[in-house]
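Observations on the model geometry
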Amino acid sequence: RKHLKSLLVAANHFDCWRLRVIIEAEMIEQHLSKATVVELILFGDANGCEALKDACFRFASEDPRKLLAEPGFHDLAKNSKLLQEFLTYYNRDGPNGGIDDKASKMSTMEIYDWLDKDGTWLKQHHDRTKLLAKVRKDMKKPKKRAAEW
């Protein structure tokens, strides 16, 4: 985990946002657990890791006692902005702009995957709100059938 964190900080420093998203995905898959959720939320917030924070908040909102019972919770409790973000995830109305559609149920990593498979090229990193707007716009477009290519 320490190596991934160092690599992610370097990716941020050199503005390699695609590499950062890949590293965030690896951290989520390999290291997100009850024991690491608070640490990863704090790290994600400090380093602008929207996908990592999204995954951690989703994980913790399944059972908020996971978050409250962690020894590092007092560090998280000191940050009112992060606590408010968590509450919006827990209440299911904040990160999706109050919209309940197929896109709003996707994690940030699922949104990146969907855009990638759809052929949408992103030139820069986007926050969840902008990613959702792109997905919703693309979902409204009629898809070309193979015969039309």
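So, here's what we can say about the structure.

Definitions and limits used
- Residues numbered from 1 in each chain as written.
- Predicted model: local features only at pLDDT ≥ 70, side-chain atom pairs only at ≥ 80, totals over all residues.
- Heavy atoms only, no water.
- Helix = DSSP H or I, 4+ residues; strand = E, 2+ residues; numbered from the N terminus.
- Buried < 20%, exposed > 50% of the residue type's maximum accessible area, 1.4 Å probe, protein only.
- Contact = heavy atoms within 4.5 Å.
- Areas by Shrake-Rupley, 256 points an atom, 1.4 Å probe, with all protein chains shown as cover.
- Expected span 1.5 Å × (residues − 1).
- Arc of directions from axis to C-beta.
- Salt bridge = Lys/Arg side-chain N within 4 Å of Asp/Glu carboxyl O.
- Core = buried A, V, L, I, M, F, W, Y, C linked by side-chain atoms within 4.5 Å.
- Axes fitted to C-alpha atoms, helices over the stretch in contact; angles between N-to-C directions.
- Parallel < 35°, antiparallel > 145°, perpendicular 65-115°, else oblique.
- Left-handed = near helix turned anticlockwise from the far one by under 90°.
- Nonpolar A, V, L, I, M, F, W, Y, C, P; charged D, E, K, R; others polar.

Our focus in this paragraph is the overall build of the chain. Scanning the chain from N- to C-terminus turns up nine helices and zero strands. The linear arrangement of helices and strands in the chain, starting from the amino end, is α-α-α-α-α-α-α-α-α. Within the span of the chain, comprising 149 residues, buried residues form 39% of the whole. Contacts spanning at least 24 positions in sequence make up 61% of the contacts within the chain whose residues lie at least 6 apart. Total accessible area on the chain stands at roughly 9200 Å², and carbon and sulfur atoms take up 55% of it.

Moving on, we get to helix α1 (residues 2-13). Taking 1.5 Å of rise per residue, 12 residues should cover 16 Å, and α1 covers 17 Å from first to last C-alpha, within 8% of that figure. Buried within α1 are the following residues: Leu 4, Lys 5, Leu 8 and Ala 11. All buried residues of α1 lie within an arc of 120 degrees about the axis, which places them on one face of the element. In α1, the exposed positions angled more than 90 degrees off the buried face are occupied by Lys 2, His 3 and His 13.

Topologically, Asp 127 is positioned in the loop between α8 (108-117) and α9 (128-140). Taking relative accessible area as the criterion, Asp 127 reaches 33% and is therefore assigned partly exposed. Each C-alpha atom, one on Asp 127 and one on Glu 50, is 6.6 Å from the other, the two residues being 77 residues apart in sequence.

What follows concerns the pattern of salt bridges. One pass over the full model with this rule turns up nine salt bridges. Here Glu 85 ties to Lys 81 by a salt bridge, and the two come within 3.0 Å at their closest N and O atoms. With Glu 85 and Lys 81 both in helix α7 (residues 80-91) and four residues apart, the pair spans about one turn of that helix.

Before going further, it helps to examine the nonpolar core. Counting residues in each nonpolar core, the largest one holds 38 residues, and the members touching the most others are Met 27, Leu 32, Val 37, Ile 41, Leu 52 and Leu 67. Elements represented by at least two residues in this core include exactly α1, α2 (17-31), α3 (37-46), α4 (50-62), α6 (73-77), α7, α8 and α9. Here this core takes seven residues from α4, the largest share from any one element. Beyond its immediate sequence surroundings of up to four residues, Leu 67 is in contact with Val 37, Val 38, Ile 41, Ala 60, Phe 73, Leu 76 and Phe 86.

So, about the environment of Leu 7. Checked against the element boundaries, Leu 7 lands in helix α1. According to the relative accessible area criterion, Leu 7 is partly exposed, its value standing at 44%. Along the primary structure Leu 7 and Ile 23 are separated by 16 residues, whereas in three dimensions their C-alpha atoms are 7.7 Å apart.

What follows deals with the packing of α3 against α7. Following both chains from N to C, one finds α3 and α7 inclined at 110 degrees, their axes separated by 12 Å at the closest point. Between α3 and α7, the interaxial angle falls into the category roughly perpendicular. Two packed elements cross with a definite hand, and for α3 against α7 that hand is right-handed. Together, Ile 41, Leu 42 and Asp 45 of α3 and Lys 81, Leu 82 and Glu 85 of α7 make up the contact between the two elements. Taken together, the residues that form the contact of α3 with α7 break down as three nonpolar, no polar and three charged.

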